[in-house]
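# A look at the structure
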Amino acid sequence: MKPFLCLGIESSCDETAASVVEQGRLIRSNIIASQIDLHKQYGGVVPEIASRMHVEAVLPVIDDALQEAGCTLEDIDLIAVTYGPGLVGALLVGLCAAKGLAAVSGIPLIGVNHIEGHIAANLIANPELEPPFLCLVVSGGHSHIVMVNDYNNYEVIARTRDDAAGEAFDKIARACGLGYPGGPLIDKVSQGGDPYGSRVGDPYAIHFPKTNFPDGSLDFSFSGVKTAALNYLNKIEMQSRLTGQLFKEIIDYPDFTASFQQAIVDVLADHTFKAAEKYKITKICIAGGVSANRALRKTMNEKADMLGFTLFVPPPVLCTDNAAMIACAGYYSYINRKTSTGGMDLNACPSLGFE
Ligand code: KG4
Ligand code: ZN
């Protein structure tokens with residue numbers, strides 16, 4: 001029997017991506033055109049530029065995805081596209097491309113929540129994984145602990161009350177002069193990578209606060225650690241002005257980045273394992289751009305081993321934005337619910353919530 005093929009399309013931020021996935025879990029192609037180099041000079045994503053680049057990239061990326069998968073549009077059974085959350089102009093590009101293809105071919109169209117997509121990356125990376133499981137979703141805009149009761153059945157059990165983890169990484173990387181994209185640069189420098197890291201940083205060299213709520217809630221808050229890091233940087237800036245020494249000569253980049261990173265990682269890991277204990281669930285997954293972070297992966301692995309949990313970790317390419325995860329999530333929505341958040345009236349929802 002011909003396998004079910006889903007074409008996934010993702011354009012919610014600064015990656016234009018298309019992918020063909022077989023039977024929901026097997027990647028036939030996974031094409032990602034990143035705009036990082038373009039936005040770097042502005043220190044962050046410029047929405048208007050992002051939309052224009054998506055317009056240029058979307059059709060060639062879809063063509064490449066079909067070609068690499070060894071198929072044509074006629075072989076596709078479902079088109080899944082991210083419809084939110086994200087930048088409205090960016091979302092609309094992927095959405096219009098998907099609608100156009102669905103309209104000319106008659107292939108069913110389904111809208112996918114980007115966060116649901118991130119969680120689904122674990123299903124692709126681990127063919128044996130079945131719900132229920134717990135998932136820590138940490139991206140540029142979200143920090144959630146989600147109980148995945150079943151396919152398409154989610155319960156958010158903790159969320160951030162202010163900044164997302166990725167947002168905190170991005171803001172502090174910019175403030176300390178590392179630039180954009182913040183998370184990967186902090187990850188790199190903390191491990192002794194260029195341009196400012198000459199050795200692996202000590203994750204406990206500098207004390208940064210870790211926020212826990214007294215009401216027993218497992219919610220996150222990263223504004224305290226972010227303010228403490230900004231205060232630390234301001235003191236160095238002051239010292240630089242008083243002594244005439246350069247900022248980058250005073251700051252210890254490996255220790256600063258490693259300590260800031262670990263303060264966030266410790267809270268993410270601590271709350272996730274507490275949630276798993278509370279909900280008596282032994283399978284834990286991580287998802288979203290920040291889940292590519294090496295310190296987070298290490299800490300989660302160590303804790304899982306120590307406490308007797310099974311940890312599932314997608315490869316970094318499936319942690320950051322991609323369309324394979326969108327195809328996977330779309331496939332399960334389609335086969336399990338058969339109700340399509342799709343059709344020609346599907347619109348972009350920039351602030352789409354999650355359950
Ligand atoms: O999931 P994602 O690619 O896009 C959103 O849905 O937001 O996540 C992007 C976020 C950014 O904040 C980026 O700095 C962060 O993920 N990120 C990382 C790493 N790679 C990406 N943060 C820490 N360490 C990394 N290696
Ligand atoms: Zn994302």
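Use the structure listed above.
The structure contained in this document is the topic of the report that follows. This one's a predicted model, so the numbers in the text were calculated from it and none came from an experiment.

### Quick word on the coordination of the zinc ion (ligand 2)
Taken together, His114 (NE2), His118 (NE2) and Asp321 (OD) make up the full set of protein donors to the zinc ion (ligand 2), lying 2.0 Å away. Read from N- to C-terminus, the donor residues coordinating the zinc ion (ligand 2) fall into the pattern H-x3-H-x202-D. In this pair, histidine 114 and histidine 118 are both assigned in helix α4 (residues 114-125), 4 residues apart and thus about one turn of the helix distant. For the pair histidine 114 and histidine 118, a shared accessibility class is recorded, and that class is buried.

### A look at the packing of aromatic side chains
Taken as a whole and judged by the stated rule, the model has 13 aromatic pairs. Seen in terms of ring centroids, phenylalanine 208 and phenylalanine 260 are 6.2 Å apart; in terms of plane orientation they differ by 90 degrees. Their pairing is edge-to-face. Here phenylalanine 208, found in the loop between α6 (182-190) and α7 (223-243), pairs with phenylalanine 260, found in helix α9 (residues 253-278); they are 52 residues apart in sequence, far enough to count as distant. A single burial state applies to phenylalanine 208 and to phenylalanine 260, both of which are buried. Through pairs of rings, three or more aromatic residues link up here, namely Phe4, Tyr151, Tyr331, Tyr332 and Tyr334. Residue placement shows arginine 161 over the ring face of phenylalanine 213; its charged tip is 3.7 Å from the ring centre.

### A look at the side chain of aspartate 219
Residue position: aspartate 219 is located in the loop between α6 and α7. In this structure the side chain of aspartate 219 is engaged in a polar contact, spanning 2.9 Å, whose partner is the side chain of arginine 161. Apart from residues lying up to four places away in sequence, aspartate 219 is in contact with Ala158, Arg159, Arg161, Phe213 and His271.

### Notes on the sheet that holds strand β10 (residues 310-312)
The strand order across the open sheet built from 5 strands is β8-β7-β6-β9-β10, with neighbouring strands paired in mixed fashion. Every interior strand has two partners, whereas the edge strands, β8 (153-159) and β10, have only one. The mean angle between the axes of side-by-side strands here comes to 25 degrees, regardless of whether they run parallel or antiparallel.

### Observations concerning the environment of leucine 311
Mapped onto the secondary structure, leucine 311 falls in strand β10. A C-alpha to C-alpha distance of 8.1 Å links leucine 311 and isoleucine 286, two positions 25 residues apart in sequence. Filtering out sequence-adjacent residues up to four positions away, leucine 311 remains in contact with Ile284, Met300, Asn301 and Ala304.

### What about the pairing of strand β5 (residues 109-113)?
Counting buried residues in β5 gives 5 out of 5 residues, a clear majority hidden from the surface. Burial along β5 is two-sided: Leu109, Gly111 and Asn113 facing one way and Ile110 and Val112 facing the other are all buried. Sheet analysis places strand β4 (residues 78-84) next to β5, joined by 5 bridges and oriented parallel. Across the sheet, valine 81 pairs through a bridge with glycine 111, a residue of β5. The parallel pair β4 and β5 is bridged by helix α3 (residues 88-105), and the resulting crossover is right-handed.

### Section: the environment of alanine 80
In this structure, alanine 80 sits in strand β4. Sequence separation of alanine 80 and isoleucine 31 is 49 residues, and the distance between their C-alpha atoms is 15 Å. Beyond its immediate stretch of four places on either side in the chain, alanine 80 contacts Cys6, Leu7, Gly8, Ile9, Ile110, Val112, Ile326, Ala327 and Gly330.

### So, unusual backbone geometry
In this structure, proline 132 follows proline 131 across a cis peptide bond, with omega equal to 5 degrees. Structurally, the position occupied by proline 132 is in the loop between α4 and β6 (133-138). At the junction of tyrosine 180 and proline 181, the peptide bond is cis and its omega measures out at 0 degrees in the coordinates. For glutamine 23, which is not glycine, the phi torsion reads 50 degrees and is therefore positive.

### Concerning the packing of helix α5 (residues 165-175) against α9
Two elements in contact, α5 and α9, have axes separated by 11 Å at closest approach and are oriented at 170 degrees. The angle between α5 and α9 places the two elements in the roughly antiparallel class. Judged by residue contacts, Ala165, Ala168, Phe169 and Ile172 of α5 engage Phe256, Phe260, Gln261, Ile264 and Leu268 from α9. When the residues that make up the contact of α5 with α9 are grouped by side-chain class, the tally is 8 nonpolar, 1 polar and no charged.

### Focus: the sheet that holds strand β2 (residues 15-22)
Read from one edge to the other, the open sheet built from 5 strands follows the order β3-β2-β1-β4-β5, with strand pairing classed as mixed. Only two strands of the sheet have a single neighbouring strand rather than two, namely β3 (26-34) and β5. Taken pair by pair, the neighbouring strands of this sheet meet at an average axis angle of 20 degrees, ignoring direction. Here β2 runs beside β3; their pairing, made up of 8 bridges, is antiparallel. The residue bridging valine 20 from the neighbouring strand is serine 29, located in β3.

### Thoughts on α9
Residue pairs three or four apart in sequence face the same way in an α-helix, which turns once every 3.6 residues. Along its 26 residues, α9 runs 37 Å from first to last C-alpha, staying within 8% of the 38 Å computed at 1.5 Å per residue. Of all the 26 residues making up α9, 22 are buried; the element is thus mostly covered by neighbouring parts of the structure. Put simply, aspartate 252 is the residue that caps the front of α9, since its side-chain oxygen is 3.1 Å from the backbone nitrogen of aspartate 255. Once α9 finishes, lysine 280 follows within two positions and takes phi at roughly 50 degrees, a positive value.

About the criteria used
Residues numbered from 1 in each chain as written. Chains lettered and ligands numbered in written order. Predicted model: local features only at pLDDT ≥ 70, side-chain atom pairs only at ≥ 80, totals over all residues. Heavy atoms only, no water. Donors = N, O, S within 2.8 Å, 3.2 Å for Na, K, Ca; no water. Helix = DSSP H or I, 4+ residues; strand = E, 2+ residues; numbered from the N terminus. Buried < 20%, exposed > 50% of the residue type's maximum accessible area, 1.4 Å probe, protein only. Phe/Tyr/Trp six-rings, centres within 6.5 Å; stacked < 30°, edge-to-face > 60°. Lys NZ or Arg CZ within 6 Å of the ring centre and 35° of its normal. Polar contact = N/O pair within 3.5 Å; in protein donor to acceptor, adjacent residues only side chain to side chain. Contact = heavy atoms within 4.5 Å. Pairing = 2+ DSSP bridges. Axes fitted to C-alpha atoms, helices over the stretch in contact; angles between N-to-C directions. Right-handed = clockwise from strand over helix to strand, strands pointing away. Parallel < 35°, antiparallel > 145°, perpendicular 65-115°, else oblique. Nonpolar A, V, L, I, M, F, W, Y, C, P; charged D, E, K, R; others polar. Expected span 1.5 Å × (residues − 1).

Remember, this is a structural readout, not a statement about activity or role.
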